[in-house]
Amino acid sequence: MNSQRLAAILWLAALAAASAWVVTQTSIRSDISSFMPRAKTPVQQLLLTELRAGPVTRITLISIGGASRDALAMQSKAIAARLRASGLFVRVANGEPIVDGAEREQLFAYRYLLSPAVDEGHFSAAALRDALQQRLRELASPLPVFDRPSLALDPTAELRTMLTAWRGSAEPRSYRGVWFDDRGERALLLAHTRVAGFDLNAQEQAQRAVREAAEAAGVAPLALGLSGPGVYAVASRDLIRAETRRLGIAATLVVMLIVLVSYRSLRLLLVGAIPLVSAVVAGVLAVDLVFGAVHGIALAFGVTVIGVAIDYPIHLFSRFSGERSTRKSLASIWPTIRLGVITTAMGYLAMTATDFPGMAQLATFAIAGLLAAAACTRWALLGLLPADCTAGQMWPSADWCARRRRPPAQWGWLLALAGLLSVVYVLGRGETPWQDDMAASSPIPASLMARDRHLHARLGVADTNHVLVIEAANAEAALQASESLAVDLQPLVAAGVITSFDHPARYLPSARTQLARRAILPQPDRLAADLVQAQAGLPFKADAFSPFIAAVSAARTLPPLLLENLQDTALGARVRSALLPVGDGWAALVLLAGVARTEALSRWLAEREQPNLRHLDLRRDTRSLMMDFRQHAFGRALWGLLAMVLVLWLGLRSAKRTIAVLAPGLLAVVIDIAALCMTGQLLSLFHLVSLLLVVGISIDYGLFFSRDDAHQRERARTFHGLVVCALSTVAVFGLLATSELPVLRAIGSTVAIGVSLSFVAALVIARPVRSPGTAGRI
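Residues numbered from 1 in each chain as written. Predicted model: local features only at pLDDT ≥ 70, side-chain atom pairs only at ≥ 80, totals over all residues. Heavy atoms only, no water.

## Remarks on the side chain of S698
Along the chain, S698 falls in helix α26 (residues 685-705). By relative accessible area, which is 0% here, S698 ends up buried. In contact with S698, not counting residues within four places along its chain, are V661, P664, G665 and S758. (Helix = DSSP H or I, 4+ residues; strand = E, 2+ residues; numbered from the N terminus. Buried < 20%, exposed > 50% of the residue type's maximum accessible area, 1.4 Å probe, protein only. Contact = heavy atoms within 4.5 Å.)

## Quick word on the nonpolar core
Among the nonpolar cores identified, the biggest contains 112 residues, and F320, Y701 and F705 are the most heavily contacted of them. Take this core: its biggest share by element is 15 residues, from α26. Apart from residues lying up to four places away in sequence, Y701 is in contact with L722, C725, A726, T729, V755, S758, F759 and A762. L113, L114, L163 and L521 belong to the second largest nonpolar core, which has 59 residues in total. (Core = buried A, V, L, I, M, F, W, Y, C linked by side-chain atoms within 4.5 Å.)

## Brief notes about the pairing of strand β13 (residues 613-617)
A large share of β13 lies buried, amounting to four of its five residues. Judged from the five bridges that link them, strand β9 (residues 466-472) and β13 form a sheet pairing that is antiparallel. Looking across to β13, one finds that V467 is bridged to L616. (Pairing = 2+ DSSP bridges.)

## As for helix α20 (residues 524-535)
If you check α20, its first and last C-alpha atoms are 16 Å apart, about what twelve residues at 1.5 Å a residue would give, namely 16 Å. Taken residue by residue, α20 has L527, D530, L531, A534 and Q535 as its buried positions. For α20, the angular spread of buried residues about the axis comes to 130°, placing them on one side. Opposite the buried face of α20, by more than 90 degrees, sit the exposed residues D525, R526, V532 and Q533. Phi turns positive one or two residues past the end of α20, at G537, with a value near 80°. (Expected span 1.5 Å × (residues − 1). Arc of directions from axis to C-beta.)

## Digging into the pattern of salt bridges
This model, assessed by the stated rule, comprises nine salt bridges. A salt bridge links R614 to E471; the nearest nitrogen and oxygen atoms lie 3.1 Å apart. Here E471 lies in strand β9 and R614 lies in strand β13, a separation of 143 residues in the sequence. A salt bridge links D502 to R506, with the nearest nitrogen and oxygen atoms 3.0 Å apart. Of the residues examined, D502 reaches a relative accessible area of 19% and is grouped as buried. Here R506 falls in the partly exposed class, since its relative accessible area comes to 22%. Each of the salt bridges in this network shares a partner with another, and the network as a whole consists of R135, E138 and R160. (Salt bridge = Lys/Arg side-chain N within 4 Å of Asp/Glu carboxyl O.)

## Details of the packing of aromatic side chains
Counted according to the given criterion, the structure contains 13 aromatic pairs. Both rings, one in F540 and one in F545, keep their centres 5.2 Å apart while their planes meet at 65°; by these two values the pair is edge-to-face. Over the aromatic face of Y175 sits the side chain of R69, whose NZ or CZ is 4.4 Å from the ring centroid. A cation over an aromatic ring shows up here: R378 above the ring of W334, its NZ or CZ 5.9 Å from the ring centre. (Phe/Tyr/Trp six-rings, centres within 6.5 Å; stacked < 30°, edge-to-face > 60°. Lys NZ or Arg CZ within 6 Å of the ring centre and 35° of its normal.)

## Comments concerning the pairing of strand β7 (residues 224-227)
Side chains of β7 alternate between two faces, with L224 and L226 and G225 and S227 buried alike. The pairing of strand β2 (residues 59-64) with β7 spans four bridges and is antiparallel. Across the sheet, residue S63 finds its bridge partner in β7, namely G225.

## Brief notes about unusual backbone geometry
For residues other than glycine, phi is negative in most cases, and the peptide bonds are mostly trans. Even without being glycine, R264 reaches a positive phi, approximately 50°. On the basis of relative accessibility, which here comes to 48%, the residue R264 falls in the partly exposed class. For R653, which is not glycine, the phi torsion reads 55° and is therefore positive. Note on placement: R653 falls in the loop between α24 (618-652) and α25 (655-678).

## Looking at a nonpolar patch on the surface
On the surface, L417, L420, L421 and V424 cluster together to form a nonpolar patch covering roughly 390 Å² of accessible area. If you trace the backbone, L420 turns up in helix α16 (residues 410-427). (Patch = residues over 30% accessible without salt bridge, like charges linked within 9 Å, V, L, I, M, F, W, Y side chains within 5 Å. Areas by Shrake-Rupley, 256 points an atom, 1.4 Å probe, with all protein chains shown as cover.)

## Describing helix α10 (residues 266-291)
Residues separated by three or four positions in an α-helix point in the same direction, a consequence of the helix having 3.6 residues per turn. The first and last C-alpha atoms of α10 sit 38 Å apart over 26 residues, in line with the 38 Å expected at 1.5 Å per residue. Among the residues trailing α10, G292 stands out with phi positive, at a value near 85°.

## Re the environment of P386
In this structure, P386 sits in the loop between α14 (357-379) and α15 (396-403). Of the residues examined, P386 reaches a relative accessible area of 31% and is grouped as partly exposed. Between the C-alpha atoms of P386 and T326, which are 60 residues apart in sequence, the distance is 7.8 Å. The residues contacting P386, other than those within four sequence positions of it, are R267 and T326.

Just distances and angles here, no functional claims.
See the structure below:
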């Protein structure tokens, strides 16, 4: 067994072992937030926490239709009851004032410490008489608006007052105690999952429970509507998986067809697939080892490696003429391949150390994949082929182009003019070509997002685009600060600056507030005397409210209800979603809904001058975060480009040829950017990665076009290989441009246009630099 055959066997064995590891051990993530930049400041950390695990990420909006209003009301109640019993949700609201089990008993015991209605005059004789008269009216009503058994214990309806305050004022219309849309055609439910929105498996389980509950209630699948961040996150994950599978299969088939037509050899087709598989496996393995998991978008990006990694075996196969051995054919082009691979890898190396995990994953995947494909071509392929292997006849066009002179040098000046005009166009547009809105990367259609916002508004759910963050030393201080801020926010509601707001102390008052309420609870004798006056002339027995007196007396000895007392309760989950430990302290989140006048809100915040109060405008701050990182990544890209120039110059030892090899890629990039802008596209960080790839591929074309091949047949084979490379690359990235994922669509369109331009520019500009004794060298 010769060394080449042994190297091939060892490579295949290593590839099999790595593939097994990838299949069994690699973790795939799909939440887009894990693709975002890392936080550098406490404010950015709060921002990212809010985006990944904030209160709104746990919300699932449910709507059902297709039946009469009476039937929909019954179905809504059945669905809500089943979801509450599932244990997957901390809260399921559909308009019914329901709190069940031990939590209801706890809240009932603490109602006088938690209710916002308890004040100095709440238990006076006059206030008690008003409450008893209201209970009489409710008892006479045909609608069950009051729980009769609880009358003796809670004649002031404290529990109901408390639950009503928690629901807020912005609620949809109600029919038979169930929420409906404006037209009364669809019943609405609001569910809060126990897990955060980024736990996609748990979110999928919760959504499955909703569908099963709807089916059990007799709701047709088409009549059920689900919305919310968790729903869209699961849908995005499924779309990423489907797109990865579709594009992977399509790209593989297209490349196989191009290689088979170009070389008419099944053996070369199968052998040429080994570098492709090696590239994908190496990329996945490298990302998994470095980052602990692979994002689905990075895996889909691996499909693009197929269009680039195939270049190396194509260059080799194009040299198989039968006139010399495969070993000599490889030796004649390996220095050129090696320089191109190292140059491209150096361009991406600067991007691997960024604070953007998504960008670093794409760069790591590209480097590992391209190095693996080149190494496989160099050390593994020859052991799988006979020494006299031939690649069949070249296309007649290759011989024809080799015989003809290259395009006139003046064409290069025309390309330079096109590049200059492109720069003038982009800079003269008067607006930035960059897209810093993270929502633009979402694969969810705009119509569905609009429906989601409509349902949020109808159900009174805060949009959380505006969040006030109060930083404090401990949870109690944070609750006290949120209570104080709530008082100050009331004038903004009255003035129409905001429609409403939500804060953790709304559900769990601070211990200070609870103790203050406890202190004003009357003594049993005083309460009994006031009750006698309140009952005068009313049809209640004299001792009817003895349980009420005992309950108030018991409340006078209760300790404050604290967050740690609310383990495994719906109330605890709601409070913890807006009361968070941050670093060495705590933060209370105050969610502002319906911000109509942002300037007035900004002025109000400026006048307060509280160092522990921060305003997060999630849309604005997310864009600012992305813009800061884009500028950082652009600097990294420039360093990468400088590294590519340095490697090229060291490899070529000719400034003239370095410029000739690099210029086509730079021209292609500026014309590519102008073309994208002309079609209405805004550039993102993923376009930046794509443009680096265009430069790398263009350098490969420039290196081969500038080779000083001594014979016409060699020049023809070089041209043939480059045409096949360009066709395969443009075909793969053209497929990527059809993706439903905006990220992959941006990468595909950018590279497909750029590679086409690079090929033409390299053909015109990258001419051989002839010197004695250099024929055939890089």
